[in-house]
Amino acid sequence: VSDQPSNRQLPEEILPSHVGYTPDEELLNQAWAPPKGLIPYIFTPVNHRIVGLRFIVTAFIFFVLGGILAVIMRTQLAAPELDVVSAELFQQLFSVHGATMMFFFAVPMFEGLGIYLVPLMIGARDMAMPRLGAYGYWTYVIAGVTLYVGLLIGHGADAGWFAHAPLSSSLEFTPKMGMDFWVTAIGLLEISALVAAVELVVTIFKMRAPGMSLSRMPIFVWAILIMSFMIIFAMPAVLLATITIGLDRLVGTHFFNVALGGDSVLYKHIFWFFGHPEVYIIFTPALGVVAAVLVTFVRRPLVAYSLVALSLVAMGILSFGVWVHHFFAVGIPPIGLSFFAAASMMVSIPSGIQIFAFIATVWQGKLVLKSPFVFLIGFVFTFVLGGVTGVMLAVVPFNWQVHDSYFVVAHLHYVLIGGAVFPMFAGLIYWFPKFTGRMLDERLNLWAFWLLLIGFHVAFFIQHLLGFMGMSRRVYTYSADLGWGSYNLVSTVGAYLIALGVLVFIANVVKSFVQGEKAPDDPWGGPSLEWSIASPPPQYNFLYLPVVSGRHPLWDGIEPDGEGDTAADRGIRARPQVRDDVRESFGTSLMDAEPESRVNLVAPTYWPFLAAVATGVIFVGAMFTLWAVPVGALLFYFTLIGWHWPFSKELAS
Amino acid sequence: MSVRPYTPKLDPHPLGPKEVTWWGMLLLITIEIVIFSGLIASYFYLKLYNPEWPPAGIDKKQVLLPTINTMILILSSVSIYFADKGIKAGKQTQLKVGQALAMLFGLVFLTLKVVEYSGYDYNWATHAYGSITWTMTGFHSAHVISVFLKGMVVLAMALRGMFTPERHVAVEINGLYWHFVVVIWLPLYFTMYISPWL
């Protein structure tokens, strides 16, 4: 591998594996043409690149919205006894801020990256079930709009992002409609996240390029696979949490009403069974981004690939055994405390393996210091600090001492911003050329980086100290004689620096999108298949359906010639059977990616949008009348019939 | 290598694990299993922290009617199996009869549920026990209604002769979900009707 980015234009070269296979470019262009006209273009696309980019852009908008709420809160806290916002509004601000960042930014952002990149990395022409992605996107939009409409009309969620019962479930404690909006928005968002996860798993299982056995998948694809499985096992719990809260509020059940046999700790178990894996649902794909960027910029395959893949799996499983550490202070039997404390500490083993594998990779490689890699340095620096405070919090007595203080606020922002936001920026910069065909301005990237890094540590490091001094989280103000004023002012200045950094990044995106330098196919010299095609990719992704015979298809230099006896060779021989005149791609076996079928992929359609609207009728309508549930369900049923009915003449005959 | 190895024939209409929707359905079932497990765990959690469960004034549920009803639900699953076997062998009539029978059994199950629950003098708003049992039953019944509605579409397609032994993915996927709805009832049945007697 050369030390410098290669700038190669792969499709123009005729590789040995392309010989004897001439796909009809014109037919492909017709089959994969995006919908024409404004209305169809908005509502009907199902292609993974359009849907994926929409997820990414929408998630970034929610990142900005959540950030604006944070800046308002920090302004209120900048000095003692300010009156920028009322106590009541402050409560809604931090609840909606938390819900936005956890549910509406982090998860959809990485799902969006997955939906855009996975098919490109595994050599497929689209996701396995393209309509499901579009449906997920529209439910996500309806969910997000619902949450913010609530806030704007003065009924924002007001029981924290985790909505502990009975505060959230009893009309006596939260009489406004804020929690109804929360239940509706989160319920819809879960559906969106779940369908995207199902779609990602099926795509990764069944549509990899021939020869791309599980052990040859890029680590990013592994990470998306594990994230999706974690969503599938964790998110139903929060769906149950929202359903039970909703039932308690709307039809008068007593799940969390202690007077009539309910139990409020039950809610904590249901919610945090999801809530802790949620952190890893966010962090695992971020690690995938780290691995992808890292490997490219040190120009060396990842050290201990199998161990890293297995440690991701282990982390995914272990994260389901730690949920109680979120409420150690609630009164848990000692044996329970010990178990969950031990499990919490055990998570540091797989995390350690990953970090050391990354370090070893850098150690052996030849570093190319570009801005995506600089963001990785910010990630390691920040995240390790968050990890250290995490180990501190796993110690039960320490946990009791700082419980619900600003120490916890600092810790979770170190983990989430360090562990997810820095890698996210690295990934966005790294793949921006692929998304848009333009390069981002390197100088502005570095400006954004330094503003974010410095702003972040100024804003949050000092909050550890505030926690020790006894400042409780969620307070809307504090009295001057506590002596917290100057600390809080510093923290607020940091928050403004972060906001400035994000603004610089947005300005860079806008500027580069319009007049940025044109991106070559492979601006960084990356190893995986997405760099083998044009930037931005053609509508059908791959003119020549790729086959794979190593972990780094663009580096290995091994080209199967179609004569041998491997899955890749068989893929080359079977390849001409995949049709060019309709949307199709390879279907391959789960383990070894042996070619076995042609997967039919649908063209643009309105049904996913209509189905999402019907789903919205169920959830949003239920806030006002329960009749919305059967009516919406019936509408949903009819949209699903339209969705699935085989309109093609081929089948009817 | 002197002998040129074989070229696989790509199947345009795969079934079972070769088919993407089959995997999608399996994952949907996984999601649903987590939700149902959460409900069952909640039932036992509430039982653990309630001194009397079911609460005073409520008899333990009678098992005769629910047991008969469970048998009826299992019969619907058998019918679905029968229908699936039919289309695999190209027997259109067997498909139609099996599908129609399954829907009939489903309808009987729902009717008997209504009969059973209208006999109770408590509802979801009476106490936590009422909340969890009505929710479990209501959630499951919603699933039976949904497989019934899906079954109507499959039956309509079967009556139009749209399935062949090679192409019947709708029958297969719908059947998979139907079996799930029946099988997941068994732990719910055990939780609500048998466990109070143990």
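Rules of the game
Residues numbered from 1 in each chain as written. Chains lettered and ligands numbered in written order. Predicted model: local features only at pLDDT ≥ 70, side-chain atom pairs only at ≥ 80, totals over all residues. Heavy atoms only, no water. Helix = DSSP H or I, 4+ residues; strand = E, 2+ residues; numbered from the N terminus. Rg over C-alpha atoms; globule rule 2.2 N^0.38 Å. Buried < 20%, exposed > 50% of the residue type's maximum accessible area, 1.4 Å probe, protein only. Contact = heavy atoms within 4.5 Å. Buried area = accessible area lost by both parts, 1.4 Å probe. Salt bridge = Lys/Arg side-chain N within 4 Å of Asp/Glu carboxyl O. Polar contact = N/O pair within 3.5 Å; in protein donor to acceptor, adjacent residues only side chain to side chain. Nonpolar A, V, L, I, M, F, W, Y, C, P; charged D, E, K, R; others polar. Patch = residues over 30% accessible without salt bridge, like charges linked within 9 Å, V, L, I, M, F, W, Y side chains within 5 Å. Areas by Shrake-Rupley, 256 points an atom, 1.4 Å probe, with all protein chains shown as cover. Core = buried A, V, L, I, M, F, W, Y, C linked by side-chain atoms within 4.5 Å. Phe/Tyr/Trp six-rings, centres within 6.5 Å; stacked < 30°, edge-to-face > 60°. Lys NZ or Arg CZ within 6 Å of the ring centre and 35° of its normal.

1. A look at the overall build of chain B
Okay, step 1: Along chain B, the regular secondary structure elements total five helices and zero strands.
Okay, step 2: Each helix (α) and strand (β) of chain B, taken in turn from the N terminus, gives the series α-α-α-α-α.
Okay, step 3: A globule of 198 residues ought to have a C-alpha radius of gyration of about 16 Å, yet chain B, at 21 Å, is considerably larger.
Okay, step 4: For chain B, the C-alpha atoms occupy an extent of roughly 80 × 45 × 25 Å along the three principal directions.
Okay, step 5: Burial statistics for chain B: of 198 residues in total, 51% are counted as buried.

2. Examining the interface of chain A and chain B
Okay, step 1: At the junction of the two partners, chain A supplies 51 residues and chain B supplies 44 residues.
Okay, step 2: Both faces combined, the contact of chain A with chain B buries some 4,300 Å², and carbon together with sulfur accounts for 72% of it.
Okay, step 3: Remark: the boundary between chain A and chain B carries zero salt bridges.
Okay, step 4: Put simply, chain A and chain B have 13 residue pairs in polar contact (both at pLDDT 80 or more) between them.
Okay, step 5: Contributing elements (two or more residues each) for the side of chain A that touches chain B: α6 (178-206), α7 (219-250), α8 (264-298), α18 (567-574), β2 (595-600), α20 (628-644) and α21 (649-652) of chain A.
Okay, step 6: Top element by residues in the side of chain A that touches chain B is α7 of chain A. It accounts for eight residues.
Okay, step 7: Here the residues of the side of chain A that touches chain B are counted per class, giving 32 nonpolar, ten polar and nine charged.

3. With respect to a nonpolar patch on the surface
Residue and element names in this part refer to chain A.
Okay, step 1: A surface patch of nonpolar side chains, amounting to about 550 Å² of accessible area, comprises V380, V384, V388, M392, L465, F468 and M469.
Okay, step 2: At the level of elements, α12 (371-394) and α15 (442-468) are the ones that each hand at least two residues to the nonpolar patch.
Okay, step 3: At four residues, the largest contribution of residues to the nonpolar patch is made by α12.
Okay, step 4: With respect to the element layout, V384 can be found in helix α12.

4. Topic: the pattern of salt bridges
Residues and elements named next belong to chain A.
Okay, step 1: Taken as a whole and assessed by the stated rule, the structure comprises 13 salt bridges over all chains.
Okay, step 2: When the shortest N-O distance is used, the salt bridge between K511 and D441 registers 3.0 Å. With K511 in helix α16 (residues 485-515) and D441 in the loop between α14 (406-436) and α15, this pair connects stretches of sequence that are 70 residues apart.
Okay, step 3: Salt bridges sharing common partners tie together D404, R473 and R474.

5. Here we look at the nonpolar core
Okay, step 1: Core analysis: the biggest nonpolar cluster contains 249 residues, and F103, F104, L113, W182, F220, F271 and W431 of chain A have the highest contact counts within it.
Okay, step 2: L113 of chain A has contacts with I56, V118, F220, V289, L428, W431 and F435 of chain A, leaving out every residue within four places of it along the chain.
Okay, step 3: Y637 of chain A together with A83, I87 and M162 of chain B belong to the second largest nonpolar core, which has eleven residues in total.

6. Let's talk about the packing of aromatic side chains
All names here are of chain A.
Okay, step 1: Enumeration according to the criterion identifies 73 aromatic pairs over all chains in this entry.
Okay, step 2: Their ring planes at 80° and their centres at 5.4 Å tell us that F273 and W323 sit as a pair that is edge-to-face. Within this pair, whereas F273 is found in helix α8, its partner W323 is found in the loop between α9 (305-318) and α10 (334-346), the two being separated by 50 residues in sequence.
Okay, step 3: Grouped by ring-pair contacts, the aromatic residues F43, F55, F62, F104, Y137, W138, Y140, Y148 and F609 constitute a single cluster.
Okay, step 4: When the ring centre of Y41 is taken as reference, the NZ or CZ atom of R54 above it lies at 5.8 Å.

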